[in-house]
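# Chains, contacts and geometry: an overview
Listed below are the residues making up each chain.
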Amino acid sequence: MTGIFILSLDTEIAWGTYGARDIARQRANFDNYRDLVRRLIDLLDDTAIPATWAVVGHLFVAPGDQPPPLIAPHYSWAAAPDSARAPDPAHPDWYHAPDVIAMIRAA
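Parameters at a glance
Residues numbered from 1 in each chain as written. Predicted model: local features only at pLDDT ≥ 70, side-chain atom pairs only at ≥ 80, totals over all residues. Heavy atoms only, no water. Core = buried A, V, L, I, M, F, W, Y, C linked by side-chain atoms within 4.5 Å. Buried < 20%, exposed > 50% of the residue type's maximum accessible area, 1.4 Å probe, protein only. Helix = DSSP H or I, 4+ residues; strand = E, 2+ residues; numbered from the N terminus. Contact = heavy atoms within 4.5 Å. Phe/Tyr/Trp six-rings, centres within 6.5 Å; stacked < 30°, edge-to-face > 60°.

Right, let's talk about the nonpolar core for a bit. One finds I13, V37, I41, W53, W94 and V100 to be the most contacted residues of the largest nonpolar core, which totals 19 residues. Counting residues per element, the ones that place at least two in this core are helix 2 (27-46) and helix 3 (98-106). Here this core takes 5 residues from helix 2, the largest share from any one element. The contacts of I13, once residues within four sequence positions are left out, are F30, Y33, R34, L59, P92, D93 and A97.

This part takes up the environment of A20. Tracing the sequence through the fold places A20 in helix 1 (residues 20-25). On the basis of relative accessibility, which here comes to 55%, the residue A20 falls in the exposed class. The spacing of A20 and P67 is 47 residues in sequence and 21 Å in space, taken between C-alpha atoms.

Moving on: the packing of aromatic side chains. Tallying each qualifying case throughout the model produces 2 aromatic pairs. Here W15 and W94 contribute two aromatic rings whose centre-to-centre distance is 4.8 Å and whose plane-to-plane angle is 90°, an arrangement assigned as edge-to-face. Of this pair, W15 sits in the loop between strand 1 (8-11) and helix 1 while W94 sits in the loop between strand 2 (52-55) and helix 3, placing them 79 residues apart in sequence. Considered together, W15 and W94 belong to a single accessibility category, that of buried residues.

Okay, structure coming up:
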C-alpha cells in the first residue's frame, strides 16, 4: 500500500492574529511574509511536493477597491470584540495580496 501525504496551508497574513498586541508581536512575520511564501513554494517545487492553499478572501481585494464590510468577531474567550480587526483598507497585511496569490497559482 502506498502512503498519502497531504499538505494544506492557510494564507492569512494579519487575518490570522487576534488583538493589537498579537499584531504588533507578529510584525516581523508580516514584513517577511512574501519572501517566506516564495521560499516555501520554491522548496515545494524543488521537492515535487504538492500543496493545497486556502487564502483569506480579503487578500483578493484589488488595490483601490473597497473591501466588503467586516463583521467583528467576538469569541467567548475574549473580553470584547477585536477592535484591531478594523484595518486600513490599503494595508498590505490585510488586503491586496495579488502577488502572493499569483505566486501560489504559478507554483
